[in-house]
Amino acid sequence: MRETTQCVAVYAVLIVLLLLSLALTGLALSPWRVAGHLAIAAIQVALVFAVFMRLRSAAIIVRVMALGATLWLMILFGLTLLDYAHRGIGYPA
Amino acid sequence: MPTGTERRNPGTAAAVAEQFEDIGQQRRADWAGMWVFLATEMLLFGGLFAGYAVYRVEYAAAFAAAATRLDLALGAINTGLLLTSGLAMAMVEPAMARGSRRAVVGLLVAAAALGIAFLGIKGVEYHHEISKSLAPIAGLEFRYDGPQPAHAQMFFNFYFAMTGLHALHMLAGIGAIGVMVALTLRWREPARLGRQLGLVALYWAFVDAVWLLLFPALYLLRG
């Protein structure tokens, strides 16, 4: 029963975060607001991974696979955005 | 001829697959393998997200303006539906542990029904966008009266590609849930059924997580 209660609690938090993110759209668009939206999304995904996908209680090998997936995704994003961030410095666009 | 597994775990030959020492190892292998698959999915969507991120930075104003043409209310409702669906799916494993066939079937049906509702609303959104000529897909005409129409068209390309790919994944997930409903009703080999349900639940939660990133990226970064 405890596990079910935890799931419902996390669900409630996810809904609150959704409403918070929706409320943010009332503000003018700025880097802070973008960061806010992305941060809320990251927390929501982390909660889904940890609780709904039971990574919190999973075996080490399972957690390593999930971590590896995330790391490779960060490499994809990091190197791609790093490249584009440095275009225009000394090179033709 | 008893296998290595049978010798170590007498009487469990049917339950534990040949190549595993015990059921715990088999379960860990199941989940690790599922995550390898999910890793490929993360990189599949990741590629689209990375492309979107580059254009979002490059054409910031045009994308922010184009995003206002999406239906925020329907998108928010859809997010709520998927979160509820995810909750239903997450509660399947505890229900299975209790051995409650009825609860498992009910939760699976609820998860699938909410998923179908999500797809229905998505279809309504697509219909709106197509009828307003905001869908540069399948050779349809794209007419945009805001700033920088060529850049806005890129936004809508990403919107349809990303939500379309997600919708395909939802369809596959709903299909898988349907199969699990049928297997659960039969209730043969509950232990095996429980393992299969755990893996389907993983996939469904993942599709949910992708939407939790899609929604802010496409709908919320509006200005």
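For the structure, see preceding data.
Residues numbered from 1 in each chain as written. Chains lettered and ligands numbered in written order. Predicted model: local features only at pLDDT ≥ 70, side-chain atom pairs only at ≥ 80, totals over all residues. Heavy atoms only, no water.

It is worth spelling out empty space enclosed by the protein at this point. In total, this model carries one cavity of 30 Å³ or more according to the counting rule given. Taken as a whole, the largest cavity holds about 50 Å³ of empty space. Residue lining of the largest cavity: A:L18, A:S21, A:H37, A:A41, A:Q44, B:T79, B:L212, B:F215, B:P216 and B:L220, and that is the complete set. When grouped by side-chain class, the residues that make up the lining of the largest cavity number six nonpolar, four polar and no charged. (1 Å grid on protein atoms, 1.4 Å probe; cavity = no way out; pocket = protein on both sides within 12 Å on 5 of 7 lines; lining within 4 Å. Points joined across faces, edges and corners; volume = space filled by probe spheres on them. Nonpolar A, V, L, I, M, F, W, Y, C, P; charged D, E, K, R; others polar.)

With that out of the way, let us pick up the nonpolar core. Judged by nonpolar contacts, the single largest core of 92 residues is most densely connected at A:F52 and B:W35. It is helix 8 (residues 190-220) of chain B that contributes the most residues to this core, 20 residues altogether. Residue contacts for B:W35: discarding those within four places in its chain leaves A:F49, A:M53, A:L55, A:V62, A:M65, A:A66, B:M42 and B:L202. (Core = buried A, V, L, I, M, F, W, Y, C linked by side-chain atoms within 4.5 Å. Buried < 20%, exposed > 50% of the residue type's maximum accessible area, 1.4 Å probe, protein only. Helix = DSSP H or I, 4+ residues; strand = E, 2+ residues; numbered from the N terminus. Contact = heavy atoms within 4.5 Å.)

Now for the pattern of salt bridges. Evaluation of the coordinates by the stated rule reveals eight salt bridges over all chains. Residues B:R69 and B:D145 are paired through a salt bridge, measuring 2.7 Å at the closest nitrogen-oxygen approach. Taken together, the residues B:R69 in the loop between helix 3 (60-67) and helix 4 (72-90) and B:D145 in the loop between helix 6 (101-131) and helix 7 (149-186) connect sequence positions 76 residues apart. We classify B:R69 as partly exposed; its relative accessible area is 29%. Judged by relative accessible area, which is 70%, B:D145 ranks as exposed. When salt bridges with common partners are traced through the structure, they connect A:E3, A:R54, B:R27 and B:E93 into a single cluster. (Salt bridge = Lys/Arg side-chain N within 4 Å of Asp/Glu carboxyl O.)

All names here are of chain B. Relative to the 45 Å expected for 31 residues at 1.5 Å per residue, helix 8 spans 43 Å between its end C-alpha atoms, a close match to the ideal helical length. A bend of about 25° at L214 is the largest found in helix 8, and the proline P216 appears one to four places after it. For helix 8, a buried count of 24 out of 31 residues is recorded, marking the element as mostly surrounded by other parts of the structure. (Expected span 1.5 Å × (residues − 1). Bend = angle between axes of the 7 residues up to and from the residue.)

Let's shift gears to the side chain of B:E129. Residues and elements named next belong to chain B. Of note, E129 is situated in helix 6. Within the buried set, E129 has no salt-bridge partner at all; the shortest N-O distance to an opposite charge, 5.4 Å, is to K122. Ignoring any residue separated from it by four or fewer positions in sequence, one finds E129 in contact with L70, L134, A135, Y159 and F160. (Lys, Arg positive; Asp, Glu negative; His and termini not counted.)

Moving on to the environment of B:P149. Structurally, B:P149 is set in helix 7. In this structure B:P149 touches B:F142 and B:Y144, once residues within four positions along its chain are discounted.

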